[in-house]
Amino acid sequence: QVQLVESGGGSVQAGGSLRLSCEASGYTGYTYSNYCMGWFRQTPGKEREGVAVISGSGGFTRYTDSVKGRFTISRDNAKNTLYLQMNSVKPEDTAMYYCAAGKYCPVVVNTGQGFDYWGQGTQVTVSS
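The structure displayed is predicted, hence computed values, not measured ones. Within any chain, residue numbers begin from 1 and follow the written order of that chain's sequence. Reporting in this predicted model follows two pLDDT cut-offs: at least 70 for local features of residues, and 80 or more for side-chain atom pairs to be given and counted; totals over whole chains, interfaces and linings ignore these cut-offs and use all residues. Only hydrogens and water are removed before side-chain values are computed, so all heavy atoms of the structure are retained for them.

> Quick question: what am I supposed to make of the sheet that holds strand S3 (residues 18-25) here?
Strand order in this open sheet of 4 strands is S1-S3-S8-S7, and the pairing throughout is antiparallel. In this open sheet, the two edge strands, each paired with only one partner strand, are strand S1 (3-7) and strand S7 (71-76). If you compare each strand with its neighbour and ignore which way they point, the axes differ by 15 degrees on average. With 6 bridges connecting them, S3 and strand S8 (residues 81-86) associate as antiparallel partners. Across the sheet, the residue bridging to Leu-18 is Met-86, located in S8. Following DSSP output, two strands are said to pair if at least two bridges run between them. Here a helix means four or more residues in a row that DSSP labels H or I, a strand means two or more in a row labelled E, and each is numbered from the N terminus. An axis is simply a line fitted to the C-alpha atoms; with a helix, the fit covers only the stretch in contact. Between two such axes, the angle follows the N-to-C directions and lies from 0 to 180 degrees.

> Sorry if this is basic, but what is going on with the state of the cysteines here?
Pairs of cysteine sulfur atoms within 2.5 Å are identified as disulfides in what follows. If you walk through the whole model with that rule in mind, you get 2 disulfides. There is a disulfide in this structure between Cys-22 and Cys-99, and the S-S distance comes to 1.9 Å. Between Cys-22 and Cys-99, the disulfide has an S-S torsion of 55 degrees and is therefore right-handed. Linking Cys-22 in strand S3 with Cys-99 in strand S9 (residues 95-102), this pair joins segments that are 77 residues apart in sequence. Looking at Cys-22, the relative accessible area reads 0%, which means it is buried. Between the sulfur atoms of Cys-36 and its disulfide partner Cys-105 the distance amounts to 2.0 Å. Between Cys-36 and Cys-105, the S-S torsion sits near 95 degrees, and that sign places the bridge as right-handed. Note that Cys-36 is positioned in strand S4 (residues 36-42) and Cys-105 in the loop between S9 and strand S10 (115-118), a separation of 69 residues in sequence. Throughout, exposure labels follow a simple rule: accessible area from a 1.4 Å probe, protein chains only, divided by the maximum for the residue type, with under 20% read as buried, over 50% as exposed, and the rest as partly exposed. Residue Cys-36 is classed as buried on the basis of its relative accessible area, which comes to 2%. Ordinal numbering of bonded cysteines along the protein chain defines a disulfide pattern of 1-3, 2-4.

Any link to function would need more than the numbers given here.
Dropping the structure here:
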């Protein structure tokens, strides 16, 4: 089974920056570069929200409207690692952030449908 481990979360002031990482291992059949990867977030009492997705090759990315222009998803396939660069963070960005892997990228950012493997999450807290 694919294992995903997030890191890089923490507390940051509004307007600051944070970079999340997700290291993948244990993939079989598919190599890491075959997987669509995504970042999702969730707060207590709210439905999980898709943040961004990136194709296996890194050839395309998609973002939810609320983070467009502020967050950047990227991947380093040689290191089996996914990243989320978070700039100009807002208190509304406070959430548990999860990375996930799936066979296909959705045509639109969704709540996680089609993603089969998930990390344990890393907490991001933005203070105003």
